[in-house]
Each structure stands twice: as C-alpha cells, then as structure tokens.
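Inside the fold
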Amino acid sequence: MAMVNSAQAHDAAAAFGTVGTAMVTPFSASGEVDYDTAEALAAHLVDLGNDMLVISGTTGESPTTTDAEKSELLTAARRGAGDRAKLVAGVGTNNTTHSIELAQQARDAGADGLLLVTPYYSKPPQDAIVTHMRAVADATDLPVMLYDIPGRSSVPLEPATLAALDSHPNILAVKDAKGDIASALQVMSDTGLAYYSGEDALNLPLMSCGAIGVVSVAGHICADRLAQMTEYVGTNDLNAARDVAAGLVSLIDAIMNHMPGAISAKAALQLQGVLPTRATRLPLLEASEDQVEFLRREMTRSGYLT
C-alpha cells in the first residue's frame, strides 16, 4: 500500500481485493445473456490477475439487464471465479427502494460486496445522497464501495459527504472516477475510506497518492500488468510502477477514449477469442468493423494480440 495505512484500508483490501475489473456481460447474437460464457470469462479474468470482479456495473450494461439476470450473472461468475476473487455486485440506481432490493438479492446470490453509485439523473442534494447511501448500506452486512463518477451521475460525492458516510460501519471504500486527485487526497487524509482508481488513465497517479488498488475496464485485457503495477506501488517502487504505466498508455487510450468501455472491452475480448460475440444491448451498438480494426492495431502494438 502507499500512503493510506488505516485499519479500514486494510479491511477494504481484505473485503474487495486490489486488482478489479468491471466485467462485461456476455450476450448471444440474439441478445440473451450467455451465462456459460460469463462463467468462462470470470475464470479467464481471475487467471489474468484480477482478485476482484464487479458484476453488473456500468460496463456490465446493468441498465439493460433484469434483476433476475443480475442474480444469475453473480451465480455464473462465482462458478467461474470460485473463491479466487471477490465478487462485488453493482446495486446502485436512482431508486433507493430498488437499490435496497438489489443489495439484498446480491447478498442472497453470494456477492462478497456491493458497489453503490451516486443516484443518477435525479441530481439529489448531498444530504439526500448521504441518506440514500446509508439506507442501502443498512440493508445488508456486506461491505460497500461507493462509486463517485459525476460524468455519468451528474452529481459528485463532495468531501464532506464522504466524511459523513465514513462513519457507517459497512462503507469501507470509494471507487473514484471523478478525476479530481486533490479532492481524493483530501478525503484519504481526512477519513479512513480506502480509495480505488476507477479511471484507468489515472491508476498510477491515484495509487501514488494512496489508493490501494484499481477497478478497471482495461483490466479485461491487461490485469496482469495492473497487478504488477499495484505490487510495485505497494513496495514503494514508483519508478518500476511508472514504467508499467507508461507501457499501458496507448492500450488504455484505445479501450477508454474512443467508444464506451463495454463496447471496446467486448470487441477486444472477441479479438482474443475469449468471447464468441461482441454483442451489446441497445442503447449500445456493438463495435463497428472500423472500431475493431483500430483495437486490433492497438492491442497488437501493446503485445496483447499476435
């Protein structure tokens, strides 16, 4: 670990792991969830170096899967991952009652933890966010990772809000995709919340400031190098960590900056032969042939495709 050494940070690492990927949801060509492929994908991602898989996050196209599908996806991922990785269920919505129901369903399906995004679209004030997050965290005894991504939710988790949520015994961590390292550093300094980088381009900057790990999209392809980088940061070898990060710049750009992550990750996995299709559900469209060729070039250049 880097700067953060609190008991809560150690608890978070034990609860969630340190190298996580927000797993895509495989679909058949006809649009059905492919649970057999989900099982195989979970096993593949753990073999690659992930010790945490987020199931039914945004990259898992959670807005387009049913509650029953979310539960069965957890079951399939557990079959694939076994006890080699923590399974964290995305349960955040802009409906508190529904989020509570999803949290309880995830617990019953065997999730190890919960990922709880700021309620989107509704633009709730900060005191309402605190009340919402606490209500969901109260619904089970599972550890909770908050997800701060105002680019999607419209509303950031302010430092005072995170400080207020730090007092809840189940809320252990933050997945940070806000892009405000100064704010993250303030929260890490003022609270016991453990931080995870939720923005691949900022993985090393956030870990060098005290984040204990990553929740990645690029980890579908390069979790091996992310695990290496995390290990280097943990031993304070920032020069070696910087070398790893530098070698991932073009791959992360290709995965994250040219199309939604669910689209690019599926296309990349299909190129590797891990997924049989790159199918998505509307409102997303699967990667075009031009996008696939772009990914092919960048993955070959980065050594992840031969």
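Residues numbered from 1 in each chain as written. Predicted model: local features only at pLDDT ≥ 70, side-chain atom pairs only at ≥ 80, totals over all residues. Heavy atoms only, no water.

- By the naming in an unreviewed UniProt entry, the protein chain is 4-hydroxy-tetrahydrodipicolinate synthase, taken from Brevibacterium luteolum.
- Quoted verbatim from the Subcellular location (unreviewed entry) field of UniProt, the annotation for the protein chain is "Cytoplasm".
- In the Function (unreviewed entry) part of its UniProt record, the protein chain is described as follows: "Catalyzes the condensation of (S)-aspartate-beta-semialdehyde [(S)-ASA] and pyruvate to 4-hydroxy-tetrahydrodipicolinate (HTPA)." (UniProt positions renumbered as here; feature names shortened; annotations may be inferred.)

**Side note on the overall build of the protein chain**
- Secondary structure summary: the protein chain contains 14 helices and eight strands in total.
- Against the compact-globule benchmark of 19 Å for 306 residues, the protein chain has a radius of gyration of 18 Å, which places it among compact chains.
- Taken over 306 residues, the protein chain has a buried fraction of 57%.
- Sequence-distant contacts, at least 24 apart, represent 71% of the contacts inside the protein chain between residues at least 6 apart. (Helix = DSSP H or I, 4+ residues; strand = E, 2+ residues; numbered from the N terminus. Rg over C-alpha atoms; globule rule 2.2 N^0.38 Å. Buried < 20%, exposed > 50% of the residue type's maximum accessible area, 1.4 Å probe, protein only. Contact = heavy atoms within 4.5 Å.)

**Quick look at the packing of helix 10 (residues 219-234) against helix 11 (residues 238-247)**
- It is the contact of helix 10 with helix 11, at a shortest axis distance of 8 Å, that shows an interaxial angle of 160 degrees. Looking at the two axes, helix 10 sits roughly antiparallel to helix 11. Remark: the crossing between helix 10 and helix 11 carries left-handed chirality. Residues Arg-225, Gln-228, Met-229, Tyr-232 and Val-233 of helix 10 pack against Leu-238, Ala-240, Ala-241, Val-244, Ala-245 and Gly-247 of helix 11.
- The class makeup of the residues in the contact of helix 10 with helix 11 is eight nonpolar, two polar and one charged. (Axes fitted to C-alpha atoms, helices over the stretch in contact; angles between N-to-C directions. Parallel < 35°, antiparallel > 145°, perpendicular 65-115°, else oblique. Left-handed = near helix turned anticlockwise from the far one by under 90°. Nonpolar A, V, L, I, M, F, W, Y, C, P; charged D, E, K, R; others polar.)

**Brief notes about unusual backbone geometry**
- Pro-283 follows Leu-282 through a cis peptide bond whose omega is 20 degrees.
- When you line up the elements, Pro-283 lands in the loop between helix 13 (261-271) and helix 14 (289-302).
- The phi dihedral of Lys-123 is positive, around 55 degrees, even though this residue is not glycine.
- Within the fold, Lys-123 resides in the loop between strand 4 (113-117) and helix 5 (126-138).
- The class of Lys-123 is exposed, set by a relative accessible area of 56%.
- The phi angle at Ser-154 is positive, at roughly 80 degrees, despite the residue not being glycine.
- For Ser-154, a relative accessible area of 44% translates into the label partly exposed.

**A short note on the UniProt feature "binding site: pyruvate" (unreviewed entry) in the protein chain**
- Sequence positions flagged by UniProt for "binding site: pyruvate" (unreviewed entry) are, in local numbering, Thr-59 and Val-215. On the basis of their most widely separated C-alpha atoms, the annotated residues across 157 residues gather in one place, lying no more than 11.1 Å apart.
- Here Thr-59 lies in the loop between strand 2 (52-55) and helix 3 (67-81).
- Sequence-distant contacts of Thr-59, defined by excluding residues within four places in its chain, comprise Ala-22, Met-23, Val-24, Thr-25, Val-217, His-220, Gly-261 and Ala-262.
- What Val-215 contacts, discounting residues up to four positions off in sequence, is Gly-20, Ala-22, Met-52, Val-54, Met-145, Lys-175, Tyr-196, Ser-197 and Gly-198.

**Some points on the nonpolar core**
- Membership of the largest hydrophobic core comes to 84 residues, with the highest contact counts inside it found for Leu-53, Val-91, Leu-146 and Leu-295.
- With six residues, helix 13 is the largest single contributor of residues to this core.
- Ala-15, Tyr-147, Ile-149 and Tyr-196 belong to the second-largest nonpolar core, a separate cluster that totals 21 residues. (Core = buried A, V, L, I, M, F, W, Y, C linked by side-chain atoms within 4.5 Å.)

**Re the environment of Thr-65**
- By secondary structure assignment, the location of Thr-65 is in the loop between strand 2 and helix 3.
- Among the residues examined, Thr-65 registers a relative accessible area of 7% and is labelled buried.
- Spatially, the C-alpha atoms of Thr-65 and Arg-278 are 16 Å apart, while their sequence positions differ by 213 residues.
- If we ignore the near neighbours within four places in the chain, the residues touching Thr-65 are Thr-25, Phe-27, Gly-60, Lys-70 and Arg-281.

**Remarks on the packing of helix 2 (residues 35-48) against helix 3**
- Closest axis-to-axis distance for the helix 2/helix 3 pair is 7 Å, and the angle between their directions is 45 degrees. With respect to their mutual orientation, helix 2 and helix 3 come out oblique. Seen from above, helix 2 lies across helix 3 with right-handed handedness. In this structure, helix 2 contributes Tyr-35, Ala-38, Glu-39, Ala-42, Ala-43 and Val-46 to the contact, and helix 3 contributes Glu-69, Glu-72, Leu-73, Ala-76, Ala-77, Arg-79, Gly-80 and Ala-81.

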